[in-house]
Amino acid sequence: NPETMVLPVNGTREALFAFTQAALDVDGGRGGRPRVLMPNPFYQIYEGATLLAGAQPTFLNCTAATGYLPDLDAVDDQTWNRCQLLFLCTPGNPTGAVMPEAYLRRALELAERFDFVVASDECYSELYFDEASPPAGLLQGAWNAGRRTFERCVVFHSLSKRSSVPGLRSGFVAGDPAFLARFRLYRTYHG
């Protein structure tokens, strides 16, 4: 639904930062400061937004042994219990690793089990080598898993990357209408 599930933004950098502020509940009572899990290496805005929101960044190393993807199954339950936001980036920056749909579905299963939102930075999703096999996105994984309202998932897309106009500062956020409503309200004050 374009009225409740899509929001234009002035670029994904600003959107990622602002969404983090709107999505986190630092007084949420989950046994300490909320955690925001993120791939490492990562886009620096994930960490900056997390710290400025009063949450604790938790880095999931992306190594050759993990196919340059964060190892979701290596995270203990205590960390997941404090997690309020999981950042993913597919295709990854700077590794270029693409998350298979099964991986994205696993992230959504964990989000459902431990009550957090998955924020997928997909600003490079239109850049890939094989035209016959475009990378899966979080919304596609959610839809194929039967999540027709995209519960607990939000994706960030940058029009400037796919259109080769990096100064355009234009993009959109799409996904869970409950989180987008909070984000829309937050933007009315800071935007």
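You'll find the structure just up there.
What comes next concerns the included structure. Owing to the predicted nature of the structure, the values given are computational and were not obtained by experimental measurement. (Residues numbered from 1 in each chain as written. Predicted model: local features only at pLDDT ≥ 70, side-chain atom pairs only at ≥ 80, totals over all residues. Heavy atoms only, no water.)

1. Description of helix α5 (residues 101-114)
Consideration 1: For α5, built from 14 residues, the straight-helix expectation of 20 Å at 1.5 Å per residue is met to within 8% by its first-to-last C-alpha distance of 20 Å.
Consideration 2: Of all the positions in α5, only Tyr-103, Leu-104, Ala-107, Leu-108, Leu-110, Ala-111 and Phe-114 are classed as buried. The arc that holds the buried residues of α5, viewed along the axis, is 160°, so those residues lie on one side. Residues Ala-102 and Arg-113 are exposed on α5 and point more than 90 degrees away from its buried face.
Consideration 3: On the buried face of α5, the contacting elements are α4 (77-82), β4 (83-89), β5 (117-121), α6 (138-144) and β6 (153-158). (Helix = DSSP H or I, 4+ residues; strand = E, 2+ residues; numbered from the N terminus. Expected span 1.5 Å × (residues − 1). Buried < 20%, exposed > 50% of the residue type's maximum accessible area, 1.4 Å probe, protein only. Arc of directions from axis to C-beta. Contact = heavy atoms within 4.5 Å.)

2. Focus: the side chain of His-157
Consideration 1: Within the element layout of this structure, His-157 appears in strand β6.
Consideration 2: The class of His-157 is buried, set by a relative accessible area of 9%.
Consideration 3: Separated by 3.5 Å, the side chains of His-157 and Ser-125 make a polar contact.
Consideration 4: Contacts of His-157, omitting those with residues within four sequence positions, involve Thr-12, Glu-122, Cys-123, Ser-125, Arg-162, Gly-171 and Phe-172. (Polar contact = N/O pair within 3.5 Å; in protein donor to acceptor, adjacent residues only side chain to side chain.)

3. Re the sheet that holds strand β3 (residues 56-61)
Consideration 1: Strand order in the open sheet made by the 7 strands is β1-β7-β6-β5-β4-β2-β3, with mixed pairing throughout. The sheet is open, and its two edges are formed by β1 (6-9) and β3, each paired on a single side. Within this sheet the neighbouring strands show an average axis-to-axis angle of 20°, counted without direction.
Consideration 2: With 5 bridges connecting them, β6 and strand β7 (residues 171-175) associate as antiparallel partners. Residue pairing across strands places Ser-158 opposite Gly-171, the latter belonging to β7.
Consideration 3: Strand contacts of helix α2 (residues 12-23): β1, β4, β5, β6 and β7, with the helix running at about 160° to β6, the strand carrying the most contacts.
Consideration 4: Running at roughly 170° to β4, α5 makes contact with β4, β5 and β6 of the sheet. (Pairing = 2+ DSSP bridges. Axes fitted to C-alpha atoms, helices over the stretch in contact; angles between N-to-C directions.)

4. Topic: the packing of α2 against helix α8 (residues 177-190)
The description of two packed helices rests on the angle between their axes and on the distance between the axes.
Consideration 1: Packing of α2 against α8 brings their axes to within 9 Å, and their N-to-C directions diverge by 110°. It follows that α2 is roughly perpendicular to α8 by the angle criterion. On α8, the residues touching Ala-15, Ala-18, Phe-19, Gln-21, Ala-22 and Ala-23 of α2 are Phe-179, Arg-182, Phe-183, Tyr-186 and His-190.
Consideration 2: Looking at the contact of α2 with α8 residue by residue, the class counts come to 8 nonpolar, 2 polar and 1 charged. (Parallel < 35°, antiparallel > 145°, perpendicular 65-115°, else oblique. Nonpolar A, V, L, I, M, F, W, Y, C, P; charged D, E, K, R; others polar.)

5. Some details on the pattern of salt bridges
Consideration 1: Under the criterion given, the structure shown has 8 salt bridges.
Consideration 2: The salt bridge involving Asp-73 is made with Arg-106; its shortest N-O contact spans 2.8 Å. One end of the pair, Asp-73, is in the loop between β3 and α4; the other, Arg-106, is in helix α5, with 33 residues separating them in the sequence.
Consideration 3: Within this structure, Glu-112, Asp-115, Arg-147 and Arg-152 form a network of salt bridges that share partners. (Salt bridge = Lys/Arg side-chain N within 4 Å of Asp/Glu carboxyl O.)

6. Focus on empty space enclosed by the protein
Consideration 1: Evaluated as defined, the whole model comprises 1 cavity of 30 Å³ or more.
Consideration 2: Each pocket or cavity is described by its volume, and for the largest cavity that value is around 60 Å³.
Consideration 3: Pro-39, Pro-41, Cys-62, Tyr-68, Pro-70, Cys-89, Gly-92, Asn-93, Thr-95 and Met-99 together form the lining of the largest cavity.
Consideration 4: Split into classes, the residues belonging to the lining of the largest cavity amount to 7 nonpolar, 3 polar and no charged. (1 Å grid on protein atoms, 1.4 Å probe; cavity = no way out; pocket = protein on both sides within 12 Å on 5 of 7 lines; lining within 4 Å. Points joined across faces, edges and corners; volume = space filled by probe spheres on them.)

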